[in-house]
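So you can see what is in the structure, the chains are spelled out below.
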Amino acid sequence: MQNRLGSGKFGPGRFGALPPSPFAQLRALLDDVTPSQEPLSLAIGEPRHAPPSAVLEVLSAARDSYAKYPPIGGTPEWRQAVIGWLSRRFDLSDALFEETTQILPVNGTREGLFMAAQIAPQKADGVMLIPNPFYQVYAAAALAAGANPVYLPATPATGHLPDLDALDDSLLARTQAFYFCSPANPQGAVADASYLARLLELARAHNFLLVVDECYSEIYDHTPPPSALQLMQAAGDNEMPLVVFHSLSKRSNLPGLRSGFCAGGRSVMRALAALRAIAGPQSPLAVQEAAALAWSDDAHVQESRQKYGEKFAAAETLFAGCYDFYRPAGGFFLWLNVGDGEAAARHLWVTQGVRVLPGTYLARDDAGGDNPASSYIRVALVDEQETMTVALKRLKDGLGSFNPAAVGAD
Ligand SMILES: Cc1ncc(COP(=O)(O)O)c(C=O)c1O
């Protein structure tokens, strides 16, 4: 899609180079066609397992709380619940977060990820490093902060994570922030502790902000992914140039709650708290109360993780050995190499009513003009097993009849 954001009267200013959202691009690709079968969407990363019912009850019982402005830094109960989870999940001590601003609520991590770039150190000819493919808000955040995004290949050749050895000192010297995601969306790659330590070392040596998006950290195959916060604890130094994001959207099947948090080094979080106190959206009290309950419970997360495991097992039976199928270490996406992602997405929609996301929409062209994700589709295994069984069977049939060499045949 050639469009860029806002070609109309109200121009996008520094956002002019951004393409529309992946889902707007998908609508443009597919919406002129009525599929021959009942539509099934595997395009959006929206968990459809049931959220914990106690959380929903808290929300409806908290009607009176809407008459008050909520505290931007979170309620003590919310903070305690988050600290409790950080301690159970990552063995982090609450001493690591001695200042209350070191943990802050966000209204969904997307807004927090956007705002984080705004407190990064300013540099001449500044850049922000972003894995390619990536979650799209990182690029908007960099541009809003007046920095140019620099996209780092995260392909099979690099183990689906940026190759840190390929970064030269002149680029690192201009780097204001590095956005990093583990488990990665879309590829599901997980950075181990030594990779994260290396990232932090680079951030300290080159004076940039490390932003680590750990939204999928509760959805993993075998091994719980580590957190960059553990490195801060291991170093015994809570003055790290780090901010980490976690969300209830994926963990607790609550994408509509818009609730997550960020936590990090003392000075970084002081700066972020100061900015949020002026410009940040407070998290409603009812949402904080519900979120405190969700962070305090692990049983529903375990149940969800098991369901994802079963769905990946079903997908493995169908796709092992085809389309470079692999079972990702984390997250809930299949990342399939189908030859031509856009053409395959259209073919799947037309012939099977199955909606998937072309990889192209999640990545930017490299210096040679090639999009590193153009041959891929992203398939979100978010529905319950029964629906997924139908959807995966249709996906298999659709890909079986797809010929990337005959693009345009539909
Ligand atoms: C990698 C990644 N980060 C962040 C988010 C944002 O999640 P939320 O704003 O719902 O917390 C998403 C949502 O799809 C995501 O895939």
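Residues numbered from 1 in each chain as written. Predicted model: local features only at pLDDT ≥ 70, side-chain atom pairs only at ≥ 80, totals over all residues.

Enquirer: Help me understand the overall build of the chain, please; the structure alone is not making it clear to me.
Expert: Summing up its helical and strand segments, the chain has 14 helices and 12 strands in all. Relative to the 2.2 N^0.38 estimate, which gives 22 Å for 410 residues, the radius of gyration of the chain is 21 Å and therefore close to what a compact globule would have. For the chain, the spread of C-alpha atoms along the principal axes amounts to about 60 × 50 × 45 Å. Looking at the 410 residues of the chain, the share that counts as buried comes to 49%. Taking contacts inside the chain between residues at least 6 apart in sequence as the whole, the part at least 24 apart equals 76%. (Helix = DSSP H or I, 4+ residues; strand = E, 2+ residues; numbered from the N terminus. Rg over C-alpha atoms; globule rule 2.2 N^0.38 Å. Buried ≥ 20, exposed ≤ 12 C-beta atoms within 10 Å, placed from the backbone. Contact = placed C-beta atoms within 7 Å.)

Enquirer: Whenever I open this one, the domain arrangement of the chain confuses me. Can you help?
Expert: The extent of an interface is frequently quoted as the accessible surface area lost upon association of the parts. Considered domain by domain, the chain is made up of domain 1 (13–50 + 300–402) and domain 2 (53–295). A separation of 25 Å is found between the C-alpha centroids of domain 1 and domain 2. Listed per partner, the contact involves 33 residues of domain 1 and 28 residues of domain 2. At the level of elements, helix H12 (299–319) and strand E9 (333–337) are the ones that each hand at least two residues to the side of domain 1 that touches domain 2. No other element matches H12, which puts seven residues into the side of domain 1 that touches domain 2. (Domains from an automatic or database assignment.)

Enquirer: I'm lost on the site of the ligand in this one. Help?
Expert: Around the ligand lies a shell of 13 residues, among which Gly108, Thr109, Arg110, Ser247 and Ser249 are the nearest. Classifying every residue of the shell around the ligand by side-chain character gives four nonpolar, seven polar and two charged. (Near = placed C-beta within 6 Å. Nonpolar A, V, L, I, M, F, W, Y, C, P; charged D, E, K, R; others polar.)

Enquirer: Just checking my understanding: could you explain the packing of helix H13 (residues 341–352) against helix H14 (residues 385–400) for this structure?
Expert: The geometry of H13 relative to H14 is characterised by a closest axis approach of 9 Å and an angle of 115° between their N-to-C directions. Crossing handedness for the pair H13 and H14: right-handed. For the pair H13 and H14, the contacting residues are Ala344, His347, Leu348, Thr351 and Gln352 in the first and Arg394, Leu395, Asp397, Gly398 and Leu399 in the second. Considered class by class, the residues forming the contact of H13 with H14 number four nonpolar, four polar and two charged. (Axes fitted to C-alpha atoms, helices over the stretch in contact; angles between N-to-C directions. Left-handed = near helix turned anticlockwise from the far one by under 90°.)

Enquirer: Can you walk me through the sheet that holds E9 in this structure?
Expert: Adjacent strands of a sheet pair through backbone hydrogen bonds, lying either parallel or antiparallel. Read across the open sheet, the three strands follow the order E9-E12-E11; overall the sheet is antiparallel. A single partner strand is all that each edge strand has here, and the edge strands are E9 and strand E11 (357–358). One ladder, built from five bridges, connects E9 with strand E12 (residues 376–380); its direction is antiparallel. Within the sheet, the bridge partner assigned to Asn337 lies in E12 and is Tyr376. (Pairing = 2+ DSSP bridges.)

Enquirer: Would you take a moment to explain the environment of Pro47 for this structure?
Expert: Assignment of secondary structure puts Pro47 in the loop between strand E1 (40–41) and helix H2 (53–61). Counting along the chain gives 285 residues from Pro47 to Phe332, while the straight-line C-alpha distance between them is 8.9 Å. Contacts of Pro47, omitting those with residues within four sequence positions, involve Lys250, Asn253, Pro255 and Val382.

Enquirer: Is there a simple way to explain the environment of Leu5 in this structure?
Expert: With respect to the helices and strands, Leu5 occurs in the segment before helix H1 (22–30). For Leu5, a count of 18 C-beta atoms within 10 Å translates into the label partly exposed. Counting along the chain gives 104 residues from Leu5 to Thr109, while the straight-line C-alpha distance between them is 22 Å.

Enquirer: How should I be thinking about the pairing of strand E5 (residues 175–181) in this particular structure?
Expert: Remark: a regular strand shows side chains that alternate across the two faces of the sheet. In terms of residue burial, E5 counts as a mostly covered element, since seven of its seven residues are buried. In this structure, strand E3 (residues 127–132) lies alongside E5, joined through three bridges in parallel fashion. By the bridge assignment for E5, Met128 is matched with Ala177. Of the pairings in the sheet, the one linking E5 to strand E6 (residues 209–213) comprises five bridges and is parallel in character. Within E6, the residue paired with Phe178 across the bridge is Leu210.

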